[in-house]
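# Secondary and tertiary structure notes
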Amino acid sequence: MEYEVIDTQISPEGRMDVLSKAEVNKLLDKSHSGLYEVFRNCSLAVLNVGSGLDDGKELLERYKTFDISIVQRERGIKLDVKGAPASAFVDGIMIKGIQEHLFAVLRDIIFISGEIENNPKFDLDKTEGISDAVFHILRNANVIRPLVNPHMVVCWGGHSISGPEYDYTKDVGYQLGLRGLDICTGCGPGAMKGPMKGATIGHAKQRINTGRYLGITEPGIIAAEAPNPIVNDLVILPDIEKRLEAFVRIGHAIIVFPGGAGTAEEILYVLGILLHPDNADIPFPLIFTGPESAADYFKQIDQFIGETLGLEAQSRYQIIINDPARVAQEVHAGIKQVREFRKATGDAYYFNWMLKIDPEFQRPFEPTHDSMRNLALHKNQENHLLAANLRRAFSGVVAGNVKNHGIRAIEKYGHFEIRGDISIMESMDALLASFVAQNRMKLPGKAYTPCYRVIK
């Protein structure tokens, strides 16, 4: 099947208008450590917004002729784009927001490659070095805002959700916007787009013209979750672990909407951090919410958490069903507590330095058949470490579902095998099966073939 494509050249606005020759050569050297491939693939994902495609492998195969290169000129650089999806253009001119996202990709990939990786200043084998790297990436992207009271709400949830669930995320976003709160999500469609869309109306009613809609992503997932058009700040982190750390460091509260394996991964990540003894007294508002039709979904999530991580984990969140105003009120009140705590302890409003993140949550996990098979999914370990390994299991399912390298690994070697204590496996199998039954693994209209097998 042929897809309509367009060639164009675009110029940046702001500080991305000058690059060194070394930076340009590194980006365009197709033999150099895969940097060009990351740049190309992330750029294609940004251009493919709104396509209804959530398969990284299919995207790359659909636009095989796509190419992007940097043109050095006396007045600065331009991006030469060939074979771009026509949906990124209006009357032959690239949509402004998509242009901004393209240059955000360029900015972050250059910074991470040139300033973070292989830089002795950042010891990426140590927890402090990783957190420092996350901070510098966010600061370079100009999303660290000092002298501003806490008001950033992270919203998590699935890209494949029902119409009533999507409408509910907009209602919650609207209530947050009315209270002057900004939104941060994984930047894609579904529950990542809805809260931003609702907040724009709330902000407009309050005459807030500085509303922030922050999208945080990483190269592996961006093809399946292209930045939605409302995102006005986009940041690309190097991997899923640093992306998740960015969420919990920059956010002042987290709301979780219905989702699939990726949402379960996010829930286990934040709960694992909050279960660390050093974080026991740190206020961190965490609310699970959805419309009435999602009540059973959250009941099953809560049951899974109780059966695997216990009552202590269940005590770290609230479940609020079908009440957007109450969700916003609870978040607003919780953020006031966060402000008072940080003021009393001298921690920054703009980055949660005090939060202890165990190295098990920071070390990049590469889902392979061996690494998935050998995960320590048993209760003979501290609770926060069990959460870390459960998080990795769901991360592997996400990779097998939508990420290019994961899909190819499944095609080549078959299912990922997930093994562990029988009670944990039974609970995980039931939860994953419910995601499949509720069409939460892939976008509507696409048949889902499981990429995993739970071994009991």
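The structure contained in this document is the topic of the report that follows. None of the values given here were measured: they were computed from a predicted structure.

Turning our attention to the pairing of strand β6 (residues 152-156). Burial of β6 is extensive: five of the five residues sit out of reach of the surface. Here β6 shows a buried face lined by M152, V154 and W156 and a second buried face lined by V153 and C155. As paired elements, β6 and strand β7 (residues 182-185) share four bridges and run parallel to each other. Bridging from a neighbouring strand, M152 pairs with D182 of β7. At this point the chain moves from β6, through helix α6 (residues 163-178), to the parallel β7, and the crossover so formed is right-handed. Examined bridge by bridge, β6 and strand β10 (residues 253-256) share four bridges and lie parallel to one another.

With that out of the way, let us pick up the packing of helix α9 (residues 261-274) against helix α10 (residues 295-308). The contact between α9 and α10 brings their axes to 12 Å, and the two run at 45 degrees. Taken together, the axis directions place α9 and α10 in an arrangement best described as oblique. As α9 runs across α10, the sense of the crossing is right-handed. Contact residues: T263, I267, L268 and L271 in α9; Y297, I301, F304 and I305 in α10. Looking at the contact of α9 with α10 residue by residue, the classes come out as seven nonpolar, one polar and no charged.

The subject of this paragraph is the nonpolar core. In this structure, V248 and F394 are the most contacted members of the largest nonpolar core, which totals 84 residues. Apart from residues lying up to four places away in sequence, F394 is in contact with A261, A264, E265, L268, F304, M428, L431, L432 and F435. Membership of the second largest hydrophobic core comes to 61 residues, among which are I10, L102, I222 and V327.

The next subject is the environment of L237. Considering the arrangement of structural elements, one finds L237 in the loop between β9 (233-236) and α8 (240-250). Among all residues touching L237, those that are not within four sequence positions of it are I112, I137, I216, T217, E218, P219, K242, R243 and A246.

A word on empty space enclosed by the protein. For the structure on display, the rule yields two cavities of 30 Å³ or more. Volume-wise, the largest cavity comes out at about 310 Å³. E225, A261, G262, T263 and V398 are the residues nearest the centre of the largest cavity, which is lined by 25 residues in total. At the level of elements, α8, α9 and α14 (383-402) are the ones that each hand at least two residues to the lining of the largest cavity. The element contributing the most residues to the lining of the largest cavity is α9, with five residues. What the second largest cavity holds in volume is close to 40 Å³. Every residue lining the second largest cavity is listed: A264, I267, L268, I301, F304, I305 and L431.

Where helix α4 (residues 96-116) contacts helix α5 (residues 127-140), the two axes come as close as 10 Å, and the packing angle between them is 140 degrees. The angle between the axes of α4 and α5 places the two elements in the oblique class. In terms of crossing hand, the pair formed by α4 and α5 is right-handed. Contacts between α4 and α5 involve R107, F111, I112 and I116 from the first element and A133, H136, I137 and N140 from the second.

Right, let's get into the pattern of salt bridges. Evaluated as defined, the whole model comprises 21 salt bridges. The shortest N-O distance in the salt bridge between R419 and E417 comes to 2.7 Å. You can call E417 buried: its relative accessible area is 15%.

Relative to the helices and strands, R391 is located in helix α14. Setting aside residues no more than four positions away along its own chain, R391 makes contact with I240, E241, L244, E265, L268, Y269 and F365.

Taken as a whole, the largest pocket encloses approximately 980 Å³ of empty space. As for the largest pocket, its lining consists of 41 residues, of which V38, E218, P219, G220 and P238 are closest to the centre. Within the lining of the largest pocket, the residues separate by chemical class into 20 nonpolar, eleven polar and ten charged.

Calculation notes
- Residue indices begin from 1 for each chain and proceed along its sequence in written order.
- This being a predicted model, a pLDDT of at least 70 is required before a residue's local features are given, and a value of 80 or more before pairs of side-chain atoms are given or counted; all residues contribute to the totals for chains, interfaces and linings.
- Calculation of side-chain values draws on the structure's entire complement of heavy atoms; hydrogens and water are dropped beforehand.
- Accessible area is worked out with a 1.4 Å probe on protein chains only. A residue is then buried under 20% of its type maximum, exposed over 50%, and partly exposed in between.
- Comment: elements are numbered from the N terminus, with helices defined as DSSP H or I runs of at least four residues and strands as E runs of at least two.
- In short, DSSP must find at least two bridges between two strands for them to pair.
- If the strands point away from the viewer and the path from the first strand over the helix to the second runs clockwise, then the crossover is right-handed.
- Every axis in this analysis is a line fitted to C-alpha atoms, fitted for helices over the stretch in contact. Angles between the N-to-C directions lie between 0 and 180 degrees.
- Angle categories: roughly parallel below 35 degrees, roughly antiparallel above 145, roughly perpendicular from 65 to 115, and oblique for all the rest.
- Whether a crossing is left-handed or right-handed is set by the direction in which the near helix is turned from the far one by less than a right angle, anticlockwise for left-handed and clockwise for right-handed.
- The contact criterion used throughout is that any non-hydrogen atoms of two residues lie within 4.5 Å.
- Polar here means any residue other than Ala, Val, Leu, Ile, Met, Phe, Trp, Tyr, Cys and Pro, which are nonpolar, and Asp, Glu, Lys and Arg, which are charged; Gly is therefore polar.
- Residues belong to a common nonpolar core when they are buried Ala, Val, Leu, Ile, Met, Phe, Trp, Tyr or Cys residues joined through side-chain atoms within 4.5 Å.
- Lining residues are defined by having an atom within 4 Å of a point belonging to a cavity or pocket. Those points lie on a 1 Å grid over the protein atoms alone, cavities being sets where a 1.4 Å probe fits but cannot get out and pockets being open sets with protein on both sides within 12 Å along at least five of seven lines.
- Grid points are joined across faces, edges and corners, and a volume is the space filled by probe spheres set on the points.
- Basic side-chain nitrogens of Lys or Arg form a salt bridge, by our definition, when they fall within 4 Å of a carboxyl oxygen of Asp or Glu.

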